[in-house]
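If you want the building blocks of each chain, they are given just below.
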Amino acid sequence: MHQLPPCPTQLYIDGEWRTPHSGRSFDVVDPATGEVIAQVADGDLNDGQAATHAAAAALPDWSATPPRTRAEVLRKVHALMIERLEPLAKIITLENGKPLADSRAEVRYAAEFFRWYSEEACRNLGSVSHAPAGGYRILVQHQPIGVVVLVTPWNFPAAMGTRKIAPALAAGCTVLVKPAGMTPLSMLALADLLAEAGVPKGVVNIVPTTKSGALVDMWLHDPRVRLVSFTGSTEVGQKLIKAAADQVLKTPMELGGNAPFLVLDGANVKDAVDGAMIAKMRNMGEACTAANRFYAGDAVCDAFTAEFVKRMQALRIGHGLDENNQVGSLVDEPTRKKVDELVQDAVSRGAKILCGGKKVPGPGHFYEPTVLGDVPLDARILKEEVFGPVAPIVRVKGGVEAMVKHANDTEYGLTAYLYSADLAQGLKLAERLEFGMVAVNRGLVSDPAAPFGGVKQSGLGREGAAEGMHEYMETKYISVAW
Ligand code: NAD
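Procedures and definitions
- Counting starts from 1 at the beginning of each chain's written sequence and moves along it residue by residue.
- Owing to the predicted nature of the model, reporting of local features is limited to residues with pLDDT of at least 70; listing and counting of side-chain atom pairs is limited to 80 or more, with chain, interface and lining totals taken over all residues.
- With hydrogens and water excluded, all non-hydrogen atoms of the structure serve as input to the side-chain values.
- Helix and strand labels come from DSSP, where a helix needs a run of H or I of at least four residues and a strand needs a run of E of at least two; each type is numbered from the N terminus.
- Our radius of gyration is a C-alpha quantity, and the globule rule it is checked against amounts to 2.2 Å times the number of residues to the power 0.38.
- Throughout, exposure labels follow a simple rule: accessible area from a 1.4 Å probe, protein chains only, divided by the maximum for the residue type, with under 20% read as buried, over 50% as exposed, and the rest as partly exposed.
- Should any heavy atoms of two residues lie within 4.5 Å, those residues are counted as being in contact.
- Charged residues are defined narrowly, with Lys and Arg counted positive, Asp and Glu counted negative, and His plus the chain ends left uncounted.
- By convention, the charge on Lys lies at NZ, on Arg at CZ, on Asp at CG and on Glu at CD.
- It suffices for a single heavy atom of a residue to lie within 4 Å of a molecule or strand for the residue to be listed as near it.
- Areas reported as accessible are Shrake-Rupley estimates using a 1.4 Å probe. Residue values count occlusion only from the protein chains shown.
- Each cavity reported here is a set of points on a 1 Å grid over the protein atoms alone in which a 1.4 Å probe fits but cannot get out, each pocket an open set with protein on both sides within 12 Å along at least five of seven lines, and each lining residue one with an atom within 4 Å of a point.
- If over half the atoms of a molecule are within 2 Å of the grid points of a cavity or pocket, the molecule is regarded as sitting in it.
- For the domains described, the bounds stem from an automatic or database domain assignment.
- Computed with a 1.4 Å rolling probe, the buried area is the accessible surface lost when two parts are put together, summed over both parts.
- Any two strands are treated as partners once DSSP identifies two or more bridges connecting them.
- Note on geometry: axes are C-alpha line fits, over the in-contact stretch for helices, and angles between N-to-C directions span 0 to 180 degrees.
- Any pair of cysteine sulfurs within 2.5 Å is marked as a disulfide.
- Residues grouped as a nonpolar core are buried Ala, Val, Leu, Ile, Met, Phe, Trp, Tyr and Cys residues, joined through side-chain atoms within 4.5 Å.
- Grid points are joined across faces, edges and corners, and a volume is the space filled by probe spheres set on the points.
- Side-chain classes are defined by residue name, with Ala, Val, Leu, Ile, Met, Phe, Trp, Tyr, Cys and Pro counting as nonpolar, Asp, Glu, Lys and Arg as charged, and the others, Gly among them, as polar.
- Residue count minus one, scaled by 1.5 Å, sets the expected span of a helix.

**So, the overall build of the chain**
Next, step 1: Looking only at helices and strands, the chain has 14 helices and 20 strands in total.
Next, step 2: Taking 2.2 N^0.38 as the reference for a compact globule, 482 residues should give roughly 23 Å; the C-alpha atoms of the chain span a radius of gyration of 23 Å, in line with that estimate.
Next, step 3: Principal axes of the C-alpha set define a box for the chain whose edges measure 65 × 65 × 40 Å.
Next, step 4: Looking at the chain as a whole, 59% of its 482 residues qualify as buried.
Next, step 5: Expressed as a percentage of contacts within the chain between residues at least 6 apart in sequence, the contacts between residues at least 24 apart total 73%.
Next, step 6: Each charge class in the chain can be summarised by its mean position, and for the 49 positive and 55 negative side chains these summaries are 2 Å apart.

**What about unusual backbone geometry?**
Next, step 1: If you check the backbone angles, Asp14 has positive phi at about 55° while not being a glycine.
Next, step 2: For Asp14, the position within the fold is in the loop between strand 1 (11-13) and strand 2 (16-18).
Next, step 3: Look at Met284: it is not a glycine, yet its phi comes out positive at around 55°.
Next, step 4: Within the element layout of this structure, Met284 appears in the loop between helix 9 (269-281) and strand 13 (291-297).
Next, step 5: For Met284, a relative accessible area of 1% corresponds to the buried category.

**Here's the deal with the site of the ligand**
Next, step 1: Lining the immediate environment of the ligand, one finds 28 residues, of which Thr152, Arg163, Ser233, Leu255 and Glu385 sit closest.
Next, step 2: Burial of the ligand by the protein chains amounts to 85% of its free accessible area of 840 Å².
Next, step 3: Comparing atom positions with the cavity grids shows the ligand to sit within the largest pocket.
Next, step 4: Where the shell around the ligand is concerned, the elements lending two or more residues are helix 5 (159-171), helix 7 (212-220), strand 10 (225-231) and helix 8 (234-245).
Next, step 5: Sorting elements by how many residues they give to the shell around the ligand places helix 7 first, with three residues.

**Digging into the domain arrangement of the chain**
Next, step 1: Segmenting the chain into domains produces domain 1 (11-255 + 458-480) and domain 2 (259-447).
Next, step 2: Using only C-alpha atoms to locate each centre, domain 1 and domain 2 end up separated by 31 Å.
Next, step 3: At the interface, 25 residues of domain 1 touch 31 residues of domain 2.
Next, step 4: A buried area of about 2,200 Å², summed over both sides, lies between domain 1 and domain 2, and 59% of it is on carbon and sulfur atoms.

**Considerations on the environment of His365**
Next, step 1: Mapping His365 onto the fold places it in the loop between strand 14 (352-355) and strand 15 (370-373).
Next, step 2: Residue class for His365 comes out buried when judged on its relative accessible area of 16%.
Next, step 3: Between the C-alpha atom of His365 and that of Arg226, which follows or precedes it by 139 residues, the distance is 39 Å.
Next, step 4: Leaving out residues up to four positions away in the same chain, His365 has contacts with Pro31, Ser329, Leu330, Val331, Asp332, Glu333 and Arg336.

**What about the environment of Thr231?**
Next, step 1: With respect to the helices, strands and loops of the structure, Thr231 is situated in strand 10.
Next, step 2: With 191 residues separating them along the chain, Thr231 and Val40 place their C-alpha atoms 22 Å apart.
Next, step 3: Those residues in contact with Thr231 that sit more than four places away from it in its chain are Val151, Thr152, Pro153, Met160, Arg163, Lys164, Glu254 and Glu463.

**Let's talk about the side chain of Thr415**
Next, step 1: For Thr415, the position within the fold is in strand 17 (residues 415-419).
Next, step 2: Apart from residues no more than four positions distant in its own chain, Thr415 is found in contact with Ala259, Pro260, Thr289, Phe435, Met437 and Val445.

**Let's talk about the sheet that holds strand 16 (residues 390-396)**
Next, step 1: Taking strand neighbours across the sheet as the criterion, the seven strands line up as 14-15-16-13-12-17-18 in an open arrangement whose pairing is mixed. Each having just a single partner strand, strand 14 and strand 18 (437-440) make up the two edges of the open sheet. Adjacent strand axes in the sheet meet at a mean angle of 25° when their direction is disregarded.
Next, step 2: Across the sheet, helix 13 (residues 423-432) touches strand 17 and strand 18, and the angle it forms with strand 18 is around 170°.

**Considerations on the state of the cysteines**
Next, step 1: The final tally for this structure, using the stated rule, is zero disulfides.
Next, step 2: Considering cysteine sulfurs only, Cys355 is the nearest to Cys301, which forms no disulfide, with 14 Å between them.

**Notes on the nonpolar core**
In a soluble, globular protein the nonpolar side chains are often hidden away together inside.
Next, step 1: One finds Met81, Val204, Phe261, Phe304, Phe308 and Ile381 to be the most contacted residues of the largest nonpolar core, which totals 132 residues.
Next, step 2: Both domains that meet at this core, namely domain 1 (11-255 + 458-480) and domain 2 (259-447), each give it at least three residues.
Next, step 3: Ignoring any residue separated from it by four or fewer positions in sequence, one finds Phe261 in contact with Ala272, Gly275, Ala276, Ala279, Ala291, Arg293, Phe294, Tyr295, Phe304, Tyr417 and Tyr419.

**Focus: the layout of surface pockets**
Next, step 1: Approximately 950 Å³ is the volume attributed to the largest pocket.
Next, step 2: If you go around the largest pocket, you meet 38 residues; those closest to its centre are Trp154, Phe230, Gly232, Ser233 and Val236.
Next, step 3: If you list the elements that add at least two residues to the lining of the largest pocket, you get helix 7, strand 10, helix 8 and helix 11 (333-348).
Next, step 4: In terms of residue count, helix 8 provides more of the lining of the largest pocket than any other element does, six residues in total.
Next, step 5: Residues belonging to the lining of the largest pocket are distributed by class as follows: 16 nonpolar, eleven polar and eleven charged.
Next, step 6: Residue-level mapping places the lining of the largest pocket at the junction of two domains, with at least three residues from each of domain 1 (11-255 + 458-480) and domain 2 (259-447).
Next, step 7: Around the second largest pocket, the lining comprises 16 residues; the ones closest to its centre are Asp102, Met277, Met281, Leu315 and Gln326.
Next, step 8: Of all the secondary-structure elements, those providing two or more residues to the lining of the second largest pocket are helix 4 (100-120) and helix 9.
Next, step 9: Of the residues assigned to the lining of the second largest pocket, the class counts are eight nonpolar, three polar and five charged.
Next, step 10: Counting contributing residues per domain, the lining of the second largest pocket is built from domain 1 (11-255 + 458-480) and domain 2 (259-447), each supplying no fewer than three.

**A closer look at helix 6 (residues 185-197)**
Next, step 1: Compared with the 18 Å implied by 1.5 Å per residue over 13 residues, the 19 Å span of helix 6 between its first and last C-alpha is a close match.
Next, step 2: Within helix 6, ten of the 13 residues are buried, leaving the element largely enclosed by the surrounding structure.
Next, step 3: Turning to helix 6, its buried residues are Leu185, Ser186, Met187, Leu188, Ala189, Leu190, Ala191, Leu193, Leu194 and Ala197.
Next, step 4: Gly198 sits one or two positions beyond helix 6 and adopts a positive phi of about 105°.

Structure representation (structure tokens):
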């Protein structure tokens, strides 16, 4: 059994580690071996209430703390995360299954939100303007919204939390965090660093639970809560938006994706395959931004497919803690089962397996890196998020217009990728793609300095950039007889 680095397992409420009211705990499992690596406190509604009291009590002081002071605390969190990069990365790999290189990249990315928002905290700009009719002034400023609820998924157990916590704290809010049940350890490990950096007690509260629905629902109906920020599936996001309506809460949502990856005729094949490897295989495809479906022009399709298959076949599969492995275990059996079902569905409709296409026998939930060719347009894999290491390729004979039509034919709108030898053509296409983010000749969009988010059923609002902090603020207009 692999040794978990030291990591708290209790509830983090009001700056203390607390045993849960119920006395119960739940198992956290290494998906690559099936072994229990920790038992984590199972928070209930009483614990949720205690956390809300703490967050509400901490709000007046934290929101009145000078932005520069808040900024210095956030900067220190960044430094501590980088200092503890190795143990934090190991915790991610052990609870999530991804390879160590991906976990290290996640810790750096997660930490960067604290650095970026330490800078943004001091840039809460407002405005003063003359009323058009004269006689008075329009003064606009932004104030922290209050106590916020943050619900995060298992696929980036550190970064999906810090992408919310850092801007919320920069804005002056206090937070209630509910991490995913399969991967609560990364958030708990962060709590100690927050305290060490000087985040006052009650500002951040973390309550893992097996009763997500009941706990979050209680929070959303507490009059002290003003916002719920959620990252996860569209189905759960829709439920939370409905529940949030009762108190008219603000609801930033980062939901599911179905990213198209377009390779236009004439594109540089090596560059496109480099990008495809990142867009598809980062996190074994368990990313909302993962390229879900590939559309290649008729002239470039054969060369792109051949090179992509070669690169996918060369990947080494195995436990994420072994530095030689590039493909770790998927997070659980239902996730792997769905991946296999979507592959079998495509094959039954005429798709060809060009590499992979099978579960890896033995412990864990490993799935072979897979490329499917000649995928017909009615295959489920082109419509549903595969969340695994499978790349379905569609040959497009109708040129650029057909590609745009295929790409936009989805209720999702998070990320799209396109490769073109002609940058002007790429930029024009990017404007026509109905997605919140478009990568042009790149395989990666995530950056704390950029506004991350989707359109259509992929979400509401943005995380990262200046927009990310404004999600946690209310605009206040003061009308002044000058
Ligand atoms: P999920 O929706 O099942 O769970 C997300 C979180 O919600 C977890 O903490 C879970 O415990 C909690 N939850 C589940 N049911 C709930 C309920 N009824 N009330 C309150 N909370 C509830 O999603 P997941 O399987 O953890 O993550 C995968 C999904 O997340 C994919 O669809 C992926 O695309 C999406 N995702 C989106 C982004 C983005 O930025 N857009 C980023 C990462 C993941």
